[in-house]
Amino acid sequence: MNTSERIKTAALDLFAAQGYEGTSMAQIAEEVGIKTPSIYAHFKGKEELFLSVLQDASKEELAFATAHLDADPDQPLHGKLYNLLLYFRDKYEHDNGAKFWIRMMYFPPTALYKESMELAYVYLGRLEELLTAVFENNRISIAVDASTAAAAYLCLMDGMIVELLYGTPASFERRLEASWEVFKRGISPSS
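Residues numbered from 1 in each chain as written. Predicted model: local features only at pLDDT ≥ 70, side-chain atom pairs only at ≥ 80, totals over all residues. Heavy atoms only, no water.

Chemist: Explain the packing of aromatic side chains to me, using residue names and the numbers behind them.
Modeler: In this structure the tally under the stated criterion is 11 aromatic pairs. Consider the rings of F15 and F50, whose centres lie 5.2 Å apart with planes at 75°: the pair is edge-to-face. Note that F15 is positioned in helix α1 (residues 3-18) and F50 in helix α4 (residues 46-70), a separation of 35 residues in sequence. Side by side, F15 and F50 carry an identical accessibility label, which is buried. Between W180 and F183, the ring centres sit 5.4 Å apart and the planes meet at 35°, which makes this aromatic pair tilted. Here W180 and its partner F183 are both found in helix α9 (residues 169-187), three residues apart, which amounts to about one turn of the helix. F183 matches W180 in its accessibility class, with the two residues each being buried. An aromatic cluster of at least three residues, connected via ring pairs, comprises F15, Y20, F50 and F100. (Phe/Tyr/Trp six-rings, centres within 6.5 Å; stacked < 30°, edge-to-face > 60°. Helix = DSSP H or I, 4+ residues; strand = E, 2+ residues; numbered from the N terminus. Buried < 20%, exposed > 50% of the residue type's maximum accessible area, 1.4 Å probe, protein only.)

Chemist: Explain the side chain of H68 to me, using residue names and the numbers behind them.
Modeler: Residue placement: H68 occurs in helix α4. When near neighbours in sequence (up to four residues on either side) are disregarded, H68 contacts K80, N83, L84 and Y87. (Contact = heavy atoms within 4.5 Å.)

Chemist: Quick rundown of the environment of N2? Include the residues and the values.
Modeler: Note on placement: N2 falls in the segment before α1. Of note is the side chain of N2, whose polar atom sits 2.8 Å from the backbone nitrogen of E5. (Polar contact = N/O pair within 3.5 Å; in protein donor to acceptor, adjacent residues only side chain to side chain.)

Chemist: Explain the nonpolar core to me, and be specific about the residues and the numbers.
Modeler: If you look at the biggest cluster of nonpolar residues, it comprises 63 residues, and the most contacted ones within it are I28, L81, F100, F135, Y153, M157 and W180. Those elements giving two or more residues to this core turn out to be α1, α2 (25-32), α4, α5 (77-94), α6 (96-106), α7 (113-137), α8 (146-166) and α9. Examining the composition of this core, we find that 11 residues originate from one element, α8, more than from any other. Setting aside anything within four residues of it in sequence, one finds F100 in contact with L12, F15, A16, F50, V53, L54 and A57. (Core = buried A, V, L, I, M, F, W, Y, C linked by side-chain atoms within 4.5 Å.)

Chemist: Can you lay out the layout of surface pockets for me, pointing to particular residues and giving the numbers?
Modeler: Computed from the structure, the second largest pocket encloses a volume of approximately 150 Å³. Every residue lining the second largest pocket is listed: M105, Y106, M117, A120, Y121, L124, L154 and D158. Mapped onto the lining of the second largest pocket, the elements with two or more residues apiece are α6, α7 and α8. Per-element accounting of the lining of the second largest pocket gives the leading share, four residues, to α7. Along the lines of polarity and charge, the residues of the lining of the second largest pocket split into seven nonpolar, no polar and one charged. (1 Å grid on protein atoms, 1.4 Å probe; cavity = no way out; pocket = protein on both sides within 12 Å on 5 of 7 lines; lining within 4 Å. Points joined across faces, edges and corners; volume = space filled by probe spheres on them. Nonpolar A, V, L, I, M, F, W, Y, C, P; charged D, E, K, R; others polar.)

Structure representation (structure tokens):
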């Protein structure tokens, strides 16, 4: 791994754990094993480094969601969507890239709010397009149109992410089961 990638990896871990404001360039340099001025040979400053890491995390999370939604075309729609919520939980708990991305979507640094939100909205827009296509291409009829189902699923996902950020594992499970049951009934064909 080249020095730029090592710097970004260390920055991601520190930003995920301490946030933008709580992370210094000196801490990043120490983590990489270089002197602080050496970072500036690769990045103009902390803002550029942060945005580079955020852009990488955004791409990674979108690739993850795309791969999940495209995988196993024979998997039932309900299972695919439910499992995606569980995979987001697991990634948040075990993957610093996912933890960083989720935290920065909800708590972007004040100094980089506009740039952070632009990336978040691109991600959310693309995710909504992917979900709409999944609903349009499923082999069962649903009670609402595909774009409505996709928007509702994103609201469900938002709620589950808030549980990851503020709740406990038990509250996540309880709220997931309750909200999933309502969502599943909402997209199921009327009897």
